[in-house]
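Each chain is listed here by its residues.
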Amino acid sequence: MAEQKINTTESGSTASILSIRGLQKSFDSLSVLKDISLSVDRGNVISIIGPSGSGKSTLLRCATFLEHADGGDILYDGQYALKDGVYASKAELNRFRTRFGLVFQNFNLFPHYSVMRNISEAPILHGENREEVRERAMMLLKKMGLEGKENAYPCQLSGGQQQRVAIARALAINPEILFFDEPTSALDPELTGEVLKVIRQLAEDKMTMVVVTHEMPFARAVSNRVIFMDGGVIVEQGHPEEVFGNPTQERTRQFLRNYQQ
Amino acid sequence: MSLMTMIVKMSEGLGKTCAIFFLTLLFSLPLGMIVALLRMSKVKIVSAITRFIITVLRGTPLMLQLLAVTYGPYYLFGTNVARNKLIPVVIAFSINYAAYFAEIYRGGIESIPVGQYEAAEVLGYTKLQTFMRIILPQVIKRIMPSVTNEVVTLVKDTSMAFTVSYQEMFTIGKQIANSQTSFMPFLVAGAFYYIFNVIVDYLMGRIEKRLDYYS
């Protein structure tokens, strides 16, 4: 019944995995997102850059329902999760949650769980076969360069290893799109490389990703499209070579200049 | 009366002391969680009332609460005082300790980073799954030292049952002390409580150690 209801939901008419239209979000009187629109096509990697307080993280948090948007549309695969500021039912939102994964700035691994349980519990709770999930988890660990770490606890791992476990955990539910909220900002500089490497690898595997980042060379190298946000609006977006190499907006130029210094 | 006779007579009350101790833990530990959740309720009136009740229970003597629960019904409604005093004693202890445990639980729950809830939410855990699987186990580890403190205090607090003449170990000791005009029963009682608490300390330490596999 519920399944059918979703299928008959009015379509957003695009082939995009994620479409956001006219998204608005305020904290009290402070408007953090003003009329944000963007869409993410399958297999694309989108980087969102911008100064702190520009609304990048809030945008990701709205897309993953951690933050309650005040207006606009959010569609996954053409189906409305948010329509004109009204959310779909709880059950439907839960089904949308299986379509995406989110990697946090400070990992948010469950400290009392082993690496294996961190990765495998959610899919098992969703009713998947325990053995299959475990096999998939082992495969993901191998992919993340964490073979043999399945019985370790998060506190026994370095920050870079923890973040790679968090990526494996997000991937374990087989999401169609993966969000990263400044995945290397909490890491020591010498550990960012190993995390960026696995994200790059995922990009090569055509994983659809939206990455909020301050790592400009990474954003330039790995993304199909770069979005520059400031003051709650998208100031400029385009191919990384355009945005980084030849920005059209003064605000973008200023930001990138400050960054190079 | 020889020391040995004293010890034997007083240890006959140990069963009742243990009954107060274990039954109080049995009821107050879960009751405290309910009180903590009410205290943290988003419904303002619920949290305000719970908060008031907690201040009363923590702000008045346990001895007074014991007397109130045991003899209050007689003065208020003229009903008979319970023949088995264990019932009012355990009720009073459980309510009082639940108030303390509730504040310990609340402190523990509020110390868990919000990121734990968010990670679980994005992964599709239900609210109940998040609490039972992610939050509660971490809370238990964090609050163990404070809980141990309360449990140790409870061992000694059982002696307060003498105020309603419940025949636990200390009450018997006090009666012997009165009839023999001897201080010895109090020393025996002190030794009993000390040994009891050494055991409690050891057991709680083992539980803490078992939870020590992560930090």
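Preceding block: the structure.
The notes below deal with the structure included here. Computed from a prediction, not measured in an experiment: that's the story for all the values here.

About the criteria used
- Residues numbered from 1 in each chain as written.
- Chains lettered and ligands numbered in written order.
- Predicted model: local features only at pLDDT ≥ 70, side-chain atom pairs only at ≥ 80, totals over all residues.
- Heavy atoms only, no water.
- Helix = DSSP H or I, 4+ residues; strand = E, 2+ residues; numbered from the N terminus.
- Contact = heavy atoms within 4.5 Å.
- Buried < 20%, exposed > 50% of the residue type's maximum accessible area, 1.4 Å probe, protein only.
- Expected span 1.5 Å × (residues − 1).
- Pairing = 2+ DSSP bridges.
- 1 Å grid on protein atoms, 1.4 Å probe; cavity = no way out; pocket = protein on both sides within 12 Å on 5 of 7 lines; lining within 4 Å.
- Points joined across faces, edges and corners; volume = space filled by probe spheres on them.
- Salt bridge = Lys/Arg side-chain N within 4 Å of Asp/Glu carboxyl O.

What to know about the side chain of Thr148 of chain B
Argument step 1. Structurally, Thr148 of chain B is set in helix α7 (residues 127–157).
Argument step 2. With residues up to four places along the chain from it excluded, the contact list for Thr148 of chain B reads Asp201, Met204 and Glu208 of chain B.

Re unusual backbone geometry
All names here are of chain A.
Argument step 1. Phi angles above zero are rare outside glycine, and Asp35 is one such case at about 60 degrees.
Argument step 2. With respect to the helices, strands and loops of the structure, Asp35 is situated in strand β2 (residues 30–40).
Argument step 3. Residue Asp35 is classed as exposed on the basis of its relative accessible area of 53%.

Thoughts on helix α9 (residues 184–210) of chain B
Residues and elements named next belong to chain B.
Argument step 1. For α9, spanning 27 residues, the distance from its first C-alpha to its last is 39 Å, which sits close to the expected 39 Å at 1.5 Å a residue.
Argument step 2. For α9, the full list of buried residues reads Pro185, Val188, Ala189, Phe192, Tyr193, Phe196, Asn197, Val200 and Met204.
Argument step 3. Here the buried face of α9 lies against α1 (3–11), α2 (14–39), α7 and α8 (169–180).

Things to note about the pairing of strand β5 (residues 79–83) of chain A
All names here are of chain A.
Argument step 1. When you tally the buried positions in β5, you get 4 out of 5 residues, the bulk of the element.
Argument step 2. For strand β4 (residues 71–76) and β5, the ladder comprises 3 bridges, and the chain directions are antiparallel. In the sheet register, Ile74 faces β5, and the bridge partner there is Leu82.
Argument step 3. The hairpin turn running from β4 into β5, its antiparallel successor, is 2 residues long, and Asp77 in that turn takes a positive phi close to 55 degrees.
Argument step 4. Hairpin remark: β5 followed by strand β6 (residues 86–87), antiparallel, with 2 residues in the connecting loop; positive phi at Asp84, about 55 degrees.

Quick look at the pairing of strand β9 (residues 208–212) of chain A
All names here are of chain A.
Argument step 1. Within β9, 5 of the 5 residues are buried, which leaves the element mostly enclosed by the surrounding structure.
Argument step 2. The two faces of β9 match: Thr208, Val210 and Val212 on one face and Met209 and Val211 on the other face are all buried.
Argument step 3. As paired strands, strand β3 (residues 45–49) and β9 are joined by 4 bridges and run parallel to one another. Bridge pairing in β9 links Ile46 to Val210.

Remarks on empty space enclosed by the protein
Taking a probe equal in size to a water molecule and rolling it over the atoms shows the remaining empty space.
Argument step 1. A complete count under the given rule lists 2 cavities of 30 Å³ or more for this structure.
Argument step 2. Of the volumes computed, that of the largest cavity is approximately 50 Å³.
Argument step 3. Residue lining of the largest cavity: Gly101, Leu102, Phe104, Ala166, Arg169 and Ala170 of chain A together with Ala119, Val122 and Leu123 of chain B, and that is the complete set.
Argument step 4. Looking at the lining of the largest cavity, the elements with two or more residues in it are β7 (100–103) and α6 (159–171) of chain A together with α6 (114–122) of chain B.
Argument step 5. Tallying contributions element by element places α6 of chain A first for the lining of the largest cavity, with 3 residues.
Argument step 6. Computed from the structure, the second largest cavity encloses a volume of approximately 30 Å³.
Argument step 7. Residue lining of the second largest cavity: Leu18, Ile20, Leu38, Ile48, Leu59, Leu60, Ala63, Phe179 and Val210 of chain A, and that is the complete set.

Details of the pattern of salt bridges
Argument step 1. Evaluated as defined, the whole model comprises 21 salt bridges over all chains.
Argument step 2. Between Glu121 of chain B and Arg97 of chain A there is a salt bridge, with the nearest N and O atoms lying 3.3 Å from each other. With one member in each of two chains, Glu121 of chain B in helix α6 and Arg97 of chain A in helix α3 (residues 90–97) form a pair that bridges those chains.
Argument step 3. Among the ionic pairs, Arg251 of chain A bridges to Asp230 of chain A, the shortest N-O distance being 2.3 Å. Taken together, the positions of Arg251 of chain A in helix α10 (residues 250–260) and Asp230 of chain A in strand β10 (residues 225–230) put the pair 21 residues apart, joining distant regions of the chain.
Argument step 4. Owing to a relative accessible area of 30%, Arg251 of chain A belongs among the partly exposed residues under this scheme.
Argument step 5. In this structure Asp230 of chain A comes out as buried when scored by relative accessible area, which is 18%.
Argument step 6. The network of salt bridges with shared partners includes Arg42, Asp77, Arg99 and Glu176 of chain A.

Regarding the side chain of Ser114 of chain A
Residue and element names in this part refer to chain A.
Argument step 1. Topologically, Ser114 is positioned in the loop between β7 and α4 (115–125).
Argument step 2. Ser114 gets classed as buried once you look at its relative accessible area, which sits at 14%.
Argument step 3. Not counting residues within four places of it along the chain, the set of residues in contact with Ser114 comprises Glu150, Asn151, Ala152 and Tyr153.

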